[in-house]
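# Overview (structure and organization)
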Amino acid sequence: MPSSNDVRKRLESATYPDLGSMMEGYAQAAAECARRDFKQKLDFTSDSIDSLDDILVLVGESPELDVDFEARLWGSYLGEVLRRRYAGSWEMTQYPGGVAAVPSVDVRGSRLFPLMKVYRRLTVGEEEDLRAFFAMVTERLGKPAQVN
């Protein structure tokens, strides 16, 4: 059974043709880790956000937490749920008030920062609940895109 360290090595040594492929690779790895390490099913549906939030509570309690890696891993998953739901796309965007460009999901001109959201969930805690975030995004963006 691969450890999260093996997953990290595999992800960080892989080469991806573009940002979208990389984020999808991380999201798939998050789903594998969820199943293997937390016995949770992350299936890229909006219902899986509850499980993701539960996992982040446990991840955040880890004494050897690597916040940057965990934010990238689980934030990619959150972003993929949003990207697929709204037929959005990944792009590098400067985070408001920040200097560095970070992966964001663009949906019809709205920018979402799922990695930053997960980072805040891990560092700030309870008030950065993903369920509330997802509800707010869903309310703002409306119905999911029709994907054939």
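The rules behind the values
- Residues numbered from 1 in each chain as written.
- Predicted model: local features only at pLDDT ≥ 70, side-chain atom pairs only at ≥ 80, totals over all residues.
- Heavy atoms only, no water.
- Helix = DSSP H or I, 4+ residues; strand = E, 2+ residues; numbered from the N terminus.
- Buried < 20%, exposed > 50% of the residue type's maximum accessible area, 1.4 Å probe, protein only.
- Salt bridge = Lys/Arg side-chain N within 4 Å of Asp/Glu carboxyl O.
- Arc of directions from axis to C-beta.
- Phe/Tyr/Trp six-rings, centres within 6.5 Å; stacked < 30°, edge-to-face > 60°.
- Lys NZ or Arg CZ within 6 Å of the ring centre and 35° of its normal.
- Pairing = 2+ DSSP bridges.

## Quick look at unusual backbone geometry
With a phi close to 55°, K39 is a non-glycine residue in the positive phi region. In this fold, K39 is placed in the loop between α2 (19–38) and α3 (48–60). You will see that A87, though not glycine, has its phi angle at about 50°, which is positive. Judged by relative accessible area, which is 52%, A87 ranks as exposed.

## Focus: the pattern of salt bridges
Enumeration according to the criterion identifies 18 salt bridges in this entry. Taking the shortest distance from any N to any O, the salt bridge between R131 and D54 comes out at 2.8 Å. Here R131 is found in helix α6 (residues 130–141), whereas its partner D54 is found in helix α3, with 77 residues between them in sequence. A salt bridge links E128 to R120, with the nearest nitrogen and oxygen atoms 2.8 Å apart. For R120, a relative accessible area of 36% corresponds to the partly exposed category. Ionic contacts of the salt-bridge type, sharing partners, join the residues D50, D53, D54, R121, E126, D129 and R131 into one network.

## A look at helix α5 (residues 114–123)
Regarding α5, the residues found buried are P114, L115, K117, V118, R121 and L122. Considered in projection along α5, the buried side chains sweep an arc of 160° and stay on one side of the axis. Remark: G125 follows α5 within two positions and exhibits a positive phi of approximately 100°.

## Points about the packing of aromatic side chains
Both the distance between ring centres and the angle between the ring planes are used here to describe each pair of aromatic rings. Summed over all chains, the structure comprises four aromatic pairs. Considering the side-chain rings of F44 and Y77, the 4.8 Å spacing of their centres and the 45° angle between planes classify their relative orientation as tilted. With F44 in the loop between α2 and α3 and Y77 in helix α4 (residues 67–86), the pair connects residues that are 33 residues apart, well separated along the chain. We classify F44 as buried; its relative accessible area is 14%. For Y77, a relative accessible area of 0% puts it in the buried group. Taken together, a centroid distance of 4.9 Å and an interplanar angle of 85° make the contact between Y95 and F113 edge-to-face. Note that Y95 is positioned in the loop between β1 (89–94) and β2 (101–107) and F113 in the loop between β3 (110–112) and α5, a separation of 18 residues in sequence. R84 extends its terminal NZ or CZ atom over the ring of F44, reaching a point 3.9 Å from the ring centre.

## Some details on the pairing of β1
Taken together, the six bridges between β1 and β2 define a ladder with antiparallel strand orientation. Across the sheet, the residue bridging to S89 is D106, located in β2. Once β1 ends, the chain turns through six residues before running back antiparallel as β2, passing G97 with a positive phi of about 85°.

Purely geometric stuff here, so don't read any function into it on its own.
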